[in-house]
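A structural walkthrough
Spelled out, the chains give:
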Amino acid sequence: MSLNIRQKQADALLRMLNLHSSATAGRDQGELYKVLVLDRHCKDIIAPLLRVSELRAQGITLHLLLEQERQAIPDVPAIYFVHPTPENLERIVQDAQQQLYDVMHINFATSVPSRLMEQLASGVVKANAVGRIAKLFDEYMSFIALESSCFSLGLPDSYLALNDPTAKDTQIEAVVGQVVDGLFSVLVTLGVVPIIRCPKGGAAEHVAAALEGKLRDHLKARSNLFSEGASALAATLSRPLLVLLDRNFDLSVMLQHCWSYKPLVQVRWLACCSTAGRTSRWCRM
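Residues numbered from 1 in each chain as written. Predicted model: local features only at pLDDT ≥ 70, side-chain atom pairs only at ≥ 80, totals over all residues. Heavy atoms only, no water.

Moving on: the overall build of the protein. The helix and strand inventory of the protein stands at ten helices and ten strands. The buried share among the 285 residues of the protein stands at 46%. For the protein, contacts bridging at least 24 residues in sequence account for 76% of all contacts bridging at least 6. Of the roughly 14500 Å² of accessible surface on the protein, 52% is carried by carbon and sulfur atoms. (Helix = DSSP H or I, 4+ residues; strand = E, 2+ residues; numbered from the N terminus. Buried < 20%, exposed > 50% of the residue type's maximum accessible area, 1.4 Å probe, protein only. Contact = heavy atoms within 4.5 Å. Areas by Shrake-Rupley, 256 points an atom, 1.4 Å probe, with all protein chains shown as cover.)

Right under this line is the structure:
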């Protein structure tokens with residue numbers, strides 16, 4: 001079972017850029033000119049994986065930030081790759097209303113809550129722009145693959161938020177939700193259902209419980225992301241080990257070693273070890 005997280009995420013991105021066509025990155029898809037619209041976090045996801053020349057090979061003539069003002073290109077389809085936030089959905093509705101692009105293929109980095117889906121649906125209906133939305137996908141790519149065995153969740157302030165004594169419960173739950181969404185995205189991309197282990201007490205146990213609940217609820221469905229294609233057999237027969245630790249576990253180590261991923265157990269690390277113990281995966285948040 002391959003656990004090359006960088007390659008698997010790159011393959012998922014190429015499928016997205018090819019409009020989820022069954023065709024591979026070939027001539028037909030490359031000749032269809034497209035515009036790629038990103039938010040800042042999704043731009044960080046793509047940056048380590050695909051160069052500008054590789055984007056052009058997939059027919060991406062422009063890549064633009066969602067937050068910036070953009071000119072209309074009415075005869076070209078647009079691929080949106082963004083996080084499902086109220087602000088991003090509002091901008092998408094505005095783009096559809098202003099008819100900036102021919103059609104819009106909306107790809108969310110993680111699953112969209114029902115209330116936000118209702119916000120998007122009501123917005124495009126009120127704007128009389130339903131025909132501008134071609135497709136919507138939950139991509140489950142809310143993490144940054146830095147190496148084949150190293151990734152980041154892109155949450156630089158998570159340690160502060162989880163250890164701030166003045167933080168409200170809603171703020172802590174929001175950060176835990178982001179961590180769980182990121183780890184769930186990693187597991188979906190790898191196509192594995194792990195065995196989860198963590199120390200008792202603290203943020204690590206909180207994240208582990210939330211992640212286990214999300215996996216359990218998802219697996220109850222007859223058709224789920226782990227029961228599709230060849231990944232179903234791998235997810236069943238070979239379950240990796242997911243170990244979650246608080247950064248407080250090795251807080252002094254950062255003073256004893258150089259600041260890099262490999263010497264440290266970062267905020268929470270993911271060690272996806274095969275049953276034979278041949279591979280490991282490390283996560284930095």
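After that view of the structure, there is still more to cover.
Moving on: the packing of aromatic side chains. Using the criterion set out here, one finds three aromatic pairs in the structure. Note on Tyr80 and Tyr101: the rings are 6.2 Å apart at their centroids and 75° apart in plane angle, and the pair reads as edge-to-face. Highlighted residues: Tyr80 in strand S3 (residues 78–82) and Tyr101 in the loop between helix H5 (86–98) and strand S4 (104–108), separated in sequence by 21 residues. A relative accessible area of 0% places Tyr80 in the buried class. Using a relative accessible area of 1% as the deciding quantity, one classes Tyr101 as buried. A centroid spacing of 5.6 Å and a plane angle of 65° characterise the contact between Tyr140 and Phe184, whose relative ring orientation is edge-to-face. (Phe/Tyr/Trp six-rings, centres within 6.5 Å; stacked < 30°, edge-to-face > 60°.)

Its place among the elements puts Ser158 in helix H7 (residues 158–163). With a relative accessible area of 3%, Ser158 lands in the buried category. Here the side chain of Ser158 touches Leu155 through a polar contact of 3.0 Å, landing on its backbone oxygen. (Polar contact = N/O pair within 3.5 Å; in protein donor to acceptor, adjacent residues only side chain to side chain.)

Moving on to the side chain of Arg91. Inspection of the secondary structure puts Arg91 in helix H5. For the buried Arg91, no salt bridge exists, and the shortest N-O distance to an oppositely charged side chain is 4.1 Å, to Glu69. From its side chain, Arg91 meets the backbone oxygen of Leu66 in a polar contact 3.3 Å long. Once you skip the residues sitting within four places of it in the chain, Arg91 turns out to touch Leu66, Glu67, Gln68, Glu69 and Arg70. (Lys, Arg positive; Asp, Glu negative; His and termini not counted. Salt bridge = Lys/Arg side-chain N within 4 Å of Asp/Glu carboxyl O.)

Once that is clear, we can look at the packing of H5 against helix H6 (residues 114–126). Taken N-terminus to C-terminus, the directions of H5 and H6 make an angle of 20°; their axes are 9 Å apart at the nearest point. As judged from the angle between their axes, H5 and H6 are roughly parallel. Of the two elements, H5 crosses H6, and the hand of that crossing is right-handed. Judged by residue contacts, Pro86, Leu89, Glu90, Ile92 and Val93 of H5 engage Leu116, Gln119, Leu120, Gly123 and Val124 from H6. (Axes fitted to C-alpha atoms, helices over the stretch in contact; angles between N-to-C directions. Parallel < 35°, antiparallel > 145°, perpendicular 65-115°, else oblique. Left-handed = near helix turned anticlockwise from the far one by under 90°.)

Quick look at the layout of surface pockets now. Rolled over the atoms, a probe sized like a water molecule indicates the empty space that remains. Counted as a void, the second largest pocket has a volume near 480 Å³. Surrounding the second largest pocket, 18 residues form its lining, His83, Thr85, Thr110, Gln178 and Asp181 being those nearest its centre. Counting residues per element, the lining of the second largest pocket draws most heavily on helix H8 (residues 169–190), at four residues. Taken together, the residues of the lining of the second largest pocket sort by class into six nonpolar, ten polar and two charged. (1 Å grid on protein atoms, 1.4 Å probe; cavity = no way out; pocket = protein on both sides within 12 Å on 5 of 7 lines; lining within 4 Å. Points joined across faces, edges and corners; volume = space filled by probe spheres on them. Nonpolar A, V, L, I, M, F, W, Y, C, P; charged D, E, K, R; others polar.)

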